[in-house]
Amino acid sequence: MPNLKQVLVCQNRTCRKQGAKSILEAFIALPVPGVTVTASSCLGQCGNGPMVLVLPDMVWYCGVRSNEVALIVEQHLIGDKKVTQMLDKRFHPEQKK
Ligand code: FES
């Protein structure tokens, strides 16, 4: 089953201030077949960034750090399992810390 996910990494001003450029670079450095990594404009979640949205799963990760990107890549993009401890609670209120 081909993996056809898209990773949007917000590169708008607020997320960039919070380090979004290195998050984008970290995803690009760990390519996964069938997964597209895209620099996006504001995802409407400024201040909680860097924001990462995985489509078509509609999974939101907030406050992503570059040393956490490998975990998202391995567990979610390759393993198809959300990284529950990193989910944005506003979009995934079912997740308890
Ligand atoms: S600047 Fe990234 S969500 Fe708005």
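Scroll up to find the structure this text is about.
Residues numbered from 1 in each chain as written. Predicted model: local features only at pLDDT ≥ 70, side-chain atom pairs only at ≥ 80, totals over all residues. Heavy atoms only, no water.

Some points on the pairing of strand β3 (residues 52–55)
Across four bridges, strand β1 (residues 6–10) lies against β3 in antiparallel orientation. Looking at β3, one finds that Leu8 is bridged to Leu53. Across three bridges, the pairing between β3 and strand β4 (residues 59–61) is antiparallel. Across the sheet, Val52 pairs through a bridge with Tyr61, a residue of β4. Hairpin connection, β3 to β4: the antiparallel pair is bridged by three residues, and Met58 has positive phi, about 55°. (Pairing = 2+ DSSP bridges. Helix = DSSP H or I, 4+ residues; strand = E, 2+ residues; numbered from the N terminus.)

Remarks on the packing of aromatic side chains
In total, this model carries one aromatic pair according to the counting rule given. Centre to centre, the rings of Trp60 and Phe91 are 4.1 Å apart; their planes meet at 10°, and the pair counts as stacked. Of this pair, Trp60 sits in strand β4 while Phe91 sits in the segment after α3 (69–78), placing them 31 residues apart in sequence. A relative accessible area of 33% places Phe91 in the partly exposed class. (Phe/Tyr/Trp six-rings, centres within 6.5 Å; stacked < 30°, edge-to-face > 60°. Buried < 20%, exposed > 50% of the residue type's maximum accessible area, 1.4 Å probe, protein only.)

Details of the side chain of His92
With respect to the helices, strands and loops of the structure, His92 is situated in the segment after α3. For His92, a relative accessible area of 4% puts it in the buried group. Within polar-contact distance, the side chain of His92 engages the backbone nitrogen of Trp60 at 3.0 Å. Beyond its immediate stretch of four places on either side in the chain, His92 contacts Met58, Val59, Trp60 and Leu87. (Polar contact = N/O pair within 3.5 Å; in protein donor to acceptor, adjacent residues only side chain to side chain. Contact = heavy atoms within 4.5 Å.)

Focus on the environment of Lys82
Here Lys82 lies in the segment after α3. Taking the relative accessible area as the measure of exposure, Lys82 reaches 35% and is therefore partly exposed. Note: C-alpha distance between Lys82 and Trp60 (22 residues apart in sequence) is 9.6 Å. Each residue touching Lys82, except ones within four places of it in the same chain, is listed here: Val59, Tyr61, Gln75, His76, Leu87 and Glu94.

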